[in-house]
Amino acid sequence: MRVLVFARRRVAEALITLFGASVLIWALMPLAPGDPARMILMAQGVPEPDPAQLADLNERLHLDRPLYAQYAHWLWGVLRGDFGFSFASGRPVGGELADRLPATVMLAAAALVLAATLAVVLGLAAARFPGRWPDHGTRGLALVFASVPGFVVALVLIQVFVVGFGVGKAALDGTWQQVWMPAVCLAAGMADTWSRLLRAELLTFLDTPVARVLRARGASPWRVLWRHGLPNSAVPSLHALAVGVAMLIGGATVVETVFTWPGLGSYVVESVKNRDLPVIQAFTVSAAACYVVTSVAADLISSLIDRRIVVDR
């Protein structure tokens, strides 16, 4: 029962958050300069729209109604996957995002697997030898990757592998064979944070009576960490993983642009250059929803794993 109450409260909080975010994101359109109807018609090949065409499109898009009615119409369209028309191409935004989503999901999945693998390896090594060279080495890597932007890592990889060794390409086409370089750039920034978090949780577990009993019964240090320490670090790792997934879906724009990866990121960067507000709105709404949904999912899974979370709240 407490879990159900906790779940209802988290879902309600998420809906309120999404509602507030939707209001702020929708306000980009009425506050922006220019006539949306004119921009859409010009993108569709009408260089000089006449007043009748503008009035007809404003009526079809409900832009001639009061602001609250415009917002209600826009929100209803977002809930149905209709984000309006692109100012640049005149095509439905939802269709253009759907065409580019698979490439971004592919890149995010590859980066997520790589980041999780690196985090587990580095975190276990640092926790197994605290205060020794594996611990200091992983800390140094964490500081380096935390301070170096992803696009710098991307440029270094291009310079070393593509220019220096002739391996791979700088302009990618969105296939699994070419996903490794942008995946490394995205994974490096997450693996350092996750590995230090995992190290801290593992060291905390090693100081518990459970770990001391396991060692007294003859369990090896690696077995204690791998078999018992990792499962006990699941709750904080879930939250870090949720934030990482949302960041991969919504925050890979720069890396995708550097590698010309045909995903959402490069498309949104071009839309920002062209002041294509419907595309920017759609991407921002999707990114916000991704953050909120993954956070709620992590909270709900954590509450099932550790009931103390429900009691504390």
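In this report, the structure presented in the accompanying data block is examined. Values in this document were obtained by computation on a predicted structure and should not be read as measured data. (Residues numbered from 1 in each chain as written. Predicted model: local features only at pLDDT ≥ 70, side-chain atom pairs only at ≥ 80, totals over all residues. Heavy atoms only, no water.)

1. Quick notes on the packing of helix 6 (residues 93-128) against helix 11 (residues 221-232)
Rules: Helix axes are fitted to C-alpha atoms over the stretch in contact, other axes to C-alpha atoms as well, and angles between N-to-C directions run from 0 to 180 degrees. Comment: elements are numbered from the N terminus, with helices defined as DSSP H or I runs of at least four residues and strands as E runs of at least two. Just so you know how the angles are binned, under 35 degrees is roughly parallel, over 145 roughly antiparallel, 65 to 115 roughly perpendicular, and the rest oblique. Throughout, a crossing is termed right-handed when the near helix is turned clockwise from the far one, and left-handed when it is turned anticlockwise from it by less than a right angle. Here, two residues are considered to be in contact whenever any of their heavy atoms come within 4.5 Å of each other. When residues are grouped by polarity, Ala, Val, Leu, Ile, Met, Phe, Trp, Tyr, Cys and Pro land in nonpolar, Asp, Glu, Lys and Arg in charged, and all others, Gly among them, in polar.
Close contact between helix 6 and helix 11 brings their axes to 11 Å; oriented N to C, the two are set at 130°. Relative to helix 11, helix 6 is oriented oblique. Where helix 6 crosses over helix 11, the two elements pack in a sense that is right-handed. Taken together, the residues of helix 11 that come into contact with helix 6 (itself represented by Val 120, Leu 124, Ala 125, Ala 127 and Arg 128) are Pro 221, Trp 222, Leu 225, Trp 226 and Leu 230. The class makeup of the residues in the contact of helix 6 with helix 11 is nine nonpolar, no polar and one charged.

2. Looking at the pattern of salt bridges
Rules: Throughout this description, the term salt bridge denotes a Lys or Arg side-chain nitrogen within 4 Å of a carboxyl oxygen of Asp or Glu. Accessibility here uses a 1.4 Å probe with only protein chains present; expressed as a share of the type maximum, an area under 20% marks a residue as buried, one over 50% as exposed, and anything in between as partly exposed.
Under the defined criterion, the tally for this structure stands at eight salt bridges. With its nearest N and O atoms 2.9 Å apart, the salt bridge here joins Arg 10 to Glu 13. Placement of both Arg 10 and Glu 13 in helix 1 (residues 2-26) is noted, with a separation of three residues, approximately one turn of the helix. A residue is classified by how much of its surface remains accessible, and Arg 10, at 11% relative accessible area, is buried. Residue Glu 13 is classed as partly exposed on the basis of its relative accessible area of 36%.

3. Observations concerning the nonpolar core
Quick reminder of the rule: We call a set of buried Ala, Val, Leu, Ile, Met, Phe, Trp, Tyr and Cys residues a nonpolar core when their side-chain atoms join them within 4.5 Å.
Within the largest apolar cluster, 29 residues are counted, with the highest numbers of intra-cluster contacts made by Cys 185, Leu 186, Phe 259 and Trp 261. Every element with two or more residues in this core is listed here: helix 6, helix 8 (150-164), helix 9 (180-206) and helix 12 (234-250). Every residue in contact with Leu 186, bar those within four places of it in the chain, is listed here: Leu 107, Ala 111, Leu 248, Ala 252 and Val 255. Of all hydrophobic cores here, the second largest spans 15 residues; its members include Trp 74, Leu 97, Val 268 and Val 279.

4. Points about unusual backbone geometry
Look at Thr 260: it is not a glycine, yet its phi comes out positive at around 50°. One can find Thr 260 in the loop between helix 13 (253-258) and helix 14 (264-273).

5. Overview of helix 4 (residues 51-60)
As a reminder, the rule being used: Throughout, the arc means the angular range of directions from the helix axis out to the C-beta atoms.
Those residues of helix 4 lying buried are Leu 54, Leu 57 and Asn 58. One side of helix 4 holds all its buried residues, which, seen down the axis, span an arc of 105°. Of the residues in helix 4, the exposed ones pointing more than 90 degrees away from the buried face are Ala 52, Glu 59 and Arg 60. Packed against the buried residues of helix 4 are helix 3 (36-43).

6. Quick look at the environment of Arg 65
For the record, the criterion: The definition of a polar contact used here is a pair of N or O atoms within 3.5 Å, where within protein one atom must be able to donate a hydrogen and the other to accept one, and adjacent residues in sequence count solely through side-chain atom pairs.
Looking at the element boundaries, Arg 65 is found in the loop between helix 4 and helix 5 (67-79). By relative accessible area, which is 42% here, Arg 65 ends up partly exposed. A polar side-chain atom of Arg 65 sits 3.0 Å from a polar atom in the side chain of His 62.

7. Remarks on the packing of helix 3 against helix 4
One way to put it is that helix 3 packs onto helix 4 with a least axis distance of 9 Å and a crossing angle of 110°. Relative to helix 4, helix 3 is oriented roughly perpendicular. For the pair helix 3 and helix 4, contact is made by Ala 37, Arg 38, Ile 40 and Leu 41 and by Gln 53, Leu 54, Leu 57 and Asn 58, respectively.

8. Quick look at a nonpolar patch on the surface
We count it as follows: To count toward a patch, a residue needs a relative accessible area above 30% and no salt bridge. Like charges then connect within 9 Å, nonpolar side chains (Val, Leu, Ile, Met, Phe, Trp, Tyr) within 5 Å. The Shrake-Rupley method, run with a 1.4 Å probe sphere, supplies the accessible areas, and residue values consider only the shown protein chains as cover.
On the surface, a nonpolar cluster with roughly 450 Å² of combined accessible area is contributed by Val 156, Val 160, Phe 165, Val 167 and Trp 180. Mapped onto the elements of the fold, Val 156 is located in helix 8.

9. Let's talk about helix 6
Heads up, the condition is: In this scheme, a helix's expected span is set at 1.5 Å multiplied by one less than its residue total. Fitting axes to the seven residues ending at a residue and to the seven starting there, one defines the bend at that residue as the angle between these axes.
Taking 1.5 Å of rise per residue, the 36 residues of helix 6 would be expected to cover 52 Å, and the 50 Å separating its terminal C-alpha atoms lies within 8% of that figure. Taking the largest bend as the criterion, helix 6 deviates by roughly 35°, centred on Arg 100, and proline Pro 102 comes between one and four positions later.

10. Quick notes on the side chain of Thr 253
By secondary structure assignment, the location of Thr 253 is in helix 13. Not counting residues within four places of it along the chain, the set of residues in contact with Thr 253 comprises Gly 265, Ser 266, Val 269 and Phe 283.

11. Let's talk about the packing of aromatic side chains
Put simply, the test is: We call Phe, Tyr and Trp rings a pair once their centres come within 6.5 Å, taking the six-membered ring for Trp, and we label the pair stacked below 30 degrees between planes, edge-to-face above 60, and tilted otherwise. Note on geometry: a ring has a charge over it if NZ (lysine) or CZ (arginine) is within 6 Å of the ring centre and within 35 degrees of the ring normal.
For the coordinates displayed, the defined rule picks out six aromatic pairs. Measuring from ring centre to ring centre gives 6.2 Å for Tyr 71 and Trp 74, while their planes differ by 35°; the resulting arrangement is tilted. With a gap of three residues between them, Tyr 71 and Trp 74 both fall in helix 5, about one helical turn apart. The residues Tyr 71 and Trp 74 share a single accessibility class, namely buried. Consider the rings of Phe 129 and Trp 222, whose centres lie 6.2 Å apart with planes at 70°: the pair is edge-to-face. In this pair, Phe 129 is assigned in the loop between helix 6 and helix 7 (133-147) and Trp 222 in helix 11, connecting sequence segments 93 residues apart. Taking relative accessible area as the criterion, Phe 129 reaches 21% and is therefore assigned partly exposed. Assessed through its relative accessible area of 40%, Trp 222 is described here as partly exposed. Among the aromatic side chains, those forming a connected cluster through ring pairs are Phe 19, Trp 26, Tyr 71 and Trp 74. Over the aromatic face of Tyr 267 sits the side chain of Arg 100, whose NZ or CZ is 4.1 Å from the ring centroid. The ring of Phe 129 has Arg 128 sitting right over it, with the charged end atom 4.8 Å from the ring centre.

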